[in-house]
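So the chains spell out like this:
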There are 4 protein chains.
Amino acid sequence: DSQLTLLAGPCAIESYDTCAQVAEKLKEITNRLHINYVFKSSFDKANRSSSESNRGSGLEAGLTILEKIKKDFDLPIVTDVHESYQCEPVSQVADVLQIPAFLSRQTDLLLAAAKTGKVVNIKKGQFMAPEDIKSATEKISPITSKILVTERGTTFGYHRLVVDMTGLITMREAGFPVIFDATHAVQIPSAYGGHSGGLRDYVFPLMRAALSVGVDGIFAEVHPNPPKAISDADNQLYLSKIEAILETANQIFQENLASKEARAADGLL
Amino acid sequence: DSQLTLLAGPCAIESYDTCAQVAEKLKEITNRLHINYVFKSSFDKANRSSSESNRGSGLEAGLTILEKIKKDFDLPIVTDVHESYQCEPVSQVADVLQIPAFLSRQTDLLLAAAKTGKVVNIKKGQFMAPEDIKSATEKISPITSKILVTERGTTFGYHRLVVDMTGLITMREAGFPVIFDATHAVQIPSAYGGHSGGLRDYVFPLMRAALSVGVDGIFAEVHPNPPKAISDADNQLYLSKIEAILETANQIFQENLASKEARAADGLL
Amino acid sequence: DSQLTLLAGPCAIESYDTCAQVAEKLKEITNRLHINYVFKSSFDKANRSSSESNRGSGLEAGLTILEKIKKDFDLPIVTDVHESYQCEPVSQVADVLQIPAFLSRQTDLLLAAAKTGKVVNIKKGQFMAPEDIKSATEKISPITSKILVTERGTTFGYHRLVVDMTGLITMREAGFPVIFDATHAVQIPSAYGGHSGGLRDYVFPLMRAALSVGVDGIFAEVHPNPPKAISDADNQLYLSKIEAILETANQIFQENLASKEARAADGLL
Amino acid sequence: DSQLTLLAGPCAIESYDTCAQVAEKLKEITNRLHINYVFKSSFDKANRSSSESNRGSGLEAGLTILEKIKKDFDLPIVTDVHESYQCEPVSQVADVLQIPAFLSRQTDLLLAAAKTGKVVNIKKGQFMAPEDIKSATEKISPITSKILVTERGTTFGYHRLVVDMTGLITMREAGFPVIFDATHAVQIPSAYGGHSGGLRDYVFPLMRAALSVGVDGIFAEVHPNPPKAISDADNQLYLSKIEAILETANQIFQENLASKEARAADGLL
């Protein structure tokens, strides 16, 4: 497509106000830049490192907030599902059901999500090779063609992920749009024992790299005040800095799009 | 404890007969060797690489077979759970509920398993550092003290796992018995695209290594005819060879136990 | 600097003619694009996987050819050194002495190269973290300030390298220009037992990614007929396709340079 | 062979006295246990992380000390070589020339070592797959059959090595005795920026594991006072604790040897 897609918002649904603040600003920026924007936030951080960690709003309260955001800002919504039974109620509000990376091989969850008729965004497991995403998409492609696949980094030793940029090309071969999750890719799993750290400074460079390789969309967690966020405090982007980031991101996306035809003509990827 | 624990059986519940054949032989061998034996088989291969793969008996039919094995051979049972709702019915039959490695961070599943009062065996995720297993046990240790932790290998590049034997020592620091899953540790994830391969020849050497380092138990998939098994055909052990393997395994376990006190006296691990 | 640097040429010095063909074309293209070009070729493939492999021209014959290229095309020269005694004679011809990645921790070689007064290009070992390159540069920075550091990928499981794009940022902190070696980064070490394979299709995407993150130069092996090359046949770039690649590369370099100031003003990397 | 081989001694040749203290005690213990002992110490730590680090005695002074140890204690000697020119003088004293892991692909060094007629111990590079050691041995097997291959861990993310115990089996297929380097396997490369750390507590467990899998020998650095050692202070073993360690190691070696035949008869590795 000729428009960049952006899946973005605060990591967890902390309150309507936090969500609204992010939604409003991102809607305004993406409208101006002609970016295809989907509001993202999670009702449950179901796989926190530790049970001390705040898990967020919960399903019911979370969906109520997401529904209000959807209506108040006229935005499509993406949110995570964790067990099969959640897919149906979540699909009443969400336009995109997201399969968390750890769960990318859970057949029942994938099928339940696919059966809702909504778009399914499968995050590639940290334990998967890029070509393995195809086995995941093939589980649901007989049911739905509305599939996205997302890269968020691969296990690299202990407490570290690495993004293999060549994997973005391999993932494309599954036949569906490829999203790069720039904020989770810089997570440091269980950096602090009980919870994960992150390298926020690397989010924007990795985003530029992925866009130069060529992806269809960007996933990013954005918060008005990341250090106060209940999750992913070390890697969410500051809402105040997101405009400059998206301007550059969109420019790289457009230039890459433009040079793609020339590259194809030259037999270059 | 002074007795080796063994969690073993066919990977998937293919039929009562296959299960019975394995249960009978393993019961006889472990009785003779004074090994603490728990029969293992799975009613659902819920995270197969591909949806082409056979997923096994299903919950209801599987539990019926497990119940019959339990009664006919007077054996405790261990089996996997994949979503929270399964824990209660599974606990009607199983003595040990096993949390699959990919799901080792799913808080709801861990809690549902813990609440049954049965033993919970948490497999360490392929994406986790050994010290991270503590965050998993701490999620349920306020509810139950009946916890096992299992090592089954760590993501090492693409399509390969590696067993870090030092991790067995680190995992012990969580305060619960450590099991080494010798047959999954040699899996080659998605080796054949649609399904995983394995290196059966390495199962027994890795088992010996883990027992020399010091573990409380061994997990192994055992099948009368592995090449015909519906899952893990490349890494299940042959039932016909299991006696020799268990004799050596038990001998290493006992010798390690004996030398442990001497090592402690010398200030050596 | 405001000009992209390019270290490029055939992997091994196969003949004067091959070298001249590449040098002539690359000189012409880089002149037009205002790229700072250094001719690269190796007189000895000293660390071939197997001794069956052709090691190239040898020191004396190789230097004779390099000297002729230098003179005939008025180009600076970069070539590898493998043992300390080679540094002095090589420095009679080469303008840049390159320390191979496997040898990046050999203090004697680093010192001998530094003492020649020529530029030293240290390739980061496949076994090194990005921050470790600083220990290498600090070994010679008391002697010389003419240092380049080059990323060529990190060991990632068996028979695979991965490029961690965030490492390019960390390497910059050592205080010297950062080069991205795009053709070695796609090597598959010992893919074929006796010799290494490569993923040529990924060279250009990785180059684009590294330039978007921000590097000072690109290293690439270029050959008139890669499949016939005596080494790195699977990853050298075709001379016939290099112009289109360099045009895009230079464009990304220039755009990244332009947006760098804006990013700095916004407190973004 | 029916005897365990031990390559051991202080990491660096710090002084005759340190060497003699270790040599005397290890000779006495290994005599009693019928272990085949080779004294190890290095005249040059040629690949220190940083040039601040003490590199040891140097070639000439180091060989003088090694020669005296050899004569005074009637022991064979193993020491590292780093550049080709060192092989001939070192072979005047040493019985085993050791190729450091980083240098395991340097053809000239391998050939120079082989040509001395002494035993060549090739350490497997941290960047090599186990099957790749065969390419290294094949470089010199036309010249000499006196070859040992040594495992010392594989790069695993940043600042960490992992020992893949299955690799010990694969390495055996090259056709030469396999040694397990237990003290370098626990190094934490560049843990402290300028120098490497280590996990001494894991040396003995890893040694037990490797012996249970089956190796021909053990390599270990042993020092009277490791915290005061000029190198590898965090991973050298205490001389005062070595006796208990070697007793257990030898016992596992002998038992593994005994069960090997039974395993072979059962078609088990």
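Our subject is the structure listed above.
Parameters and conventions
- Residues numbered from 1 in each chain as written.
- Chains lettered and ligands numbered in written order.
- Predicted model: local features only at pLDDT ≥ 70, side-chain atom pairs only at ≥ 80, totals over all residues.
- Heavy atoms only, no water.
- Helix = DSSP H or I, 4+ residues; strand = E, 2+ residues; numbered from the N terminus.
- Rg over C-alpha atoms; globule rule 2.2 N^0.38 Å.
- Contact = heavy atoms within 4.5 Å.
- Buried area = accessible area lost by both parts, 1.4 Å probe.
- Salt bridge = Lys/Arg side-chain N within 4 Å of Asp/Glu carboxyl O.
- Polar contact = N/O pair within 3.5 Å; in protein donor to acceptor, adjacent residues only side chain to side chain.
- Nonpolar A, V, L, I, M, F, W, Y, C, P; charged D, E, K, R; others polar.
- Core = buried A, V, L, I, M, F, W, Y, C linked by side-chain atoms within 4.5 Å.
- Buried < 20%, exposed > 50% of the residue type's maximum accessible area, 1.4 Å probe, protein only.
- Least-squares fit on C-alpha atoms with pLDDT ≥ 70 in both.

Student: Would you take a moment to explain the overall build of chain A for this structure?
Tutor: Counting its regular elements, chain A contains 8 helices and 13 strands. In terms of overall size, chain A behaves like a compact globule, its C-alpha atoms giving a radius of gyration of 17 Å where 269 residues would be expected to give roughly 18 Å. Taking the principal axes of its C-alpha atoms as reference, chain A extends roughly 55 × 40 × 40 Å. A separation threshold of at least 6 residues defines the contact pool for chain A, and within that pool the share at least 24 residues apart is 67%.

Student: Please clarify how the interface of chain B and chain A should be interpreted in this entry.
Tutor: Accessible area lost during the coming together of the parts is what is often quoted as the interface size. With 37 residues of chain B at the contact, the number on the chain A side is 37 residues. Summing both sides of the interface, chain B and chain A together bury roughly 3,300 Å²; the carbon and sulfur share of this comes to 45%. On the surface where chain B and chain A come into contact, there are 0 salt bridges. At the boundary of chain B and chain A, one finds 6 residue pairs in polar contact (both at pLDDT 80 or more). Of all the secondary structure elements, the ones that give two or more residues to the side of chain B that touches chain A are helix H4 (107-115), helix H5 (133-140) and strand E7 (154-155) of chain B. Element by element, the count of residues in the side of chain B that touches chain A is highest for H5 of chain B, at 4 residues. A per-class count over the side of chain B that touches chain A returns 11 nonpolar, 15 polar and 11 charged.

Student: What exactly am I supposed to notice about the nonpolar core here?
Tutor: Nonpolar side chains tend to gather and get buried jointly when the protein is soluble and globular. Among the nonpolar cores identified, the biggest contains 322 residues, and Met165 and Met207 of chain A, Met165 of chain B, Met165 and Met207 of chain C together with Met165 of chain D are the most heavily contacted of them. Residues in contact with Met165 of chain C, not counting those within four places in the same chain, are Met165, Leu206 and Ala209 of chain A together with Leu206, Ala209, Ala210 and Val213 of chain C.

Student: Is there a simple way to think about the relation of the copies chain B and chain A in this case?
Tutor: One copy of the chain maps onto the second through a rotation about an axis and a displacement along it. Of the two same-sequence chains, chain B is brought onto chain A (RMSD 0.0 Å, axial shift 0.0 Å) by a rotation of 180 degrees. Accordingly, the operation relating the two chain copies is best matched by a two-fold axis. An overlap of 100% is found between the interface residues of chain B and their copies at the interface of chain A, pointing to a shared contact surface.

Student: Quick question: what am I supposed to make of the relation of the copies chain D and chain B here?
Tutor: For the match of chain D to chain B, the screw axis carries a shift of 0.0 Å, the RMSD comes to 0.0 Å, and the turn is 180 degrees. Interface overlap between copies: 100% of the residues of chain D at the interface are likewise at the interface in chain B, consistent with a symmetric, same-surface contact.

Student: Looking at this model, I keep getting lost on the pattern of salt bridges. Mind explaining?
Tutor: If the charged atoms of two oppositely charged side chains come close together, the side chains can form a pair. Tallying each qualifying case throughout the model produces 36 salt bridges over all chains. Between Lys68 of chain B and Asp72 of chain B there is a salt bridge, with the nearest N and O atoms lying 3.2 Å from each other. Of this pair, Lys68 of chain B and Asp72 of chain B are both found in helix H2 (residues 59-73), 4 residues apart, which corresponds to roughly one turn of the helix. The class for Lys68 of chain B is partly exposed, based on a relative accessible area of 42%. Across the salt bridge formed by Asp216 of chain C and Arg172 of chain C, the nearest N and O atoms sit 3.4 Å from each other. Highlighted residues: Asp216 of chain C in the loop between helix H7 (203-213) and strand E12 (217-223) and Arg172 of chain C in helix H6 (residues 166-172), separated in sequence by 44 residues. Connected through salt bridges with shared partners, the residues Arg32, Glu243 and Glu247 of chain A form a single ionic network.

Student: How should the interface of chain D and chain B be read in this particular structure?
Tutor: Contact with chain D, which involves 30 residues of that partner, is made by 30 residues of chain B. The contact between chain D and chain B buries some 2,700 Å² in all, and 65% of this surface belongs to carbon and sulfur atoms. Across the contact surface, chain D and chain B share 2 salt bridges. Asp164 of chain B is paired through a salt bridge with Arg160 of chain D; the nearest N and O atoms lie 3.6 Å apart. Counting every contact that joins chain D to chain B gives 7 residue pairs in polar contact (both at pLDDT 80 or more). Elements with a contribution of two residues or more to the side of chain D that touches chain B: strand E7 (154-155), helix H6 (166-172), helix H7 (203-213) and helix H8 (242-265) of chain D. For the side of chain D that touches chain B, a count of residues per class yields 15 nonpolar, 7 polar and 8 charged.

All quantities given are derived from atomic positions and should not be read as evidence of function.
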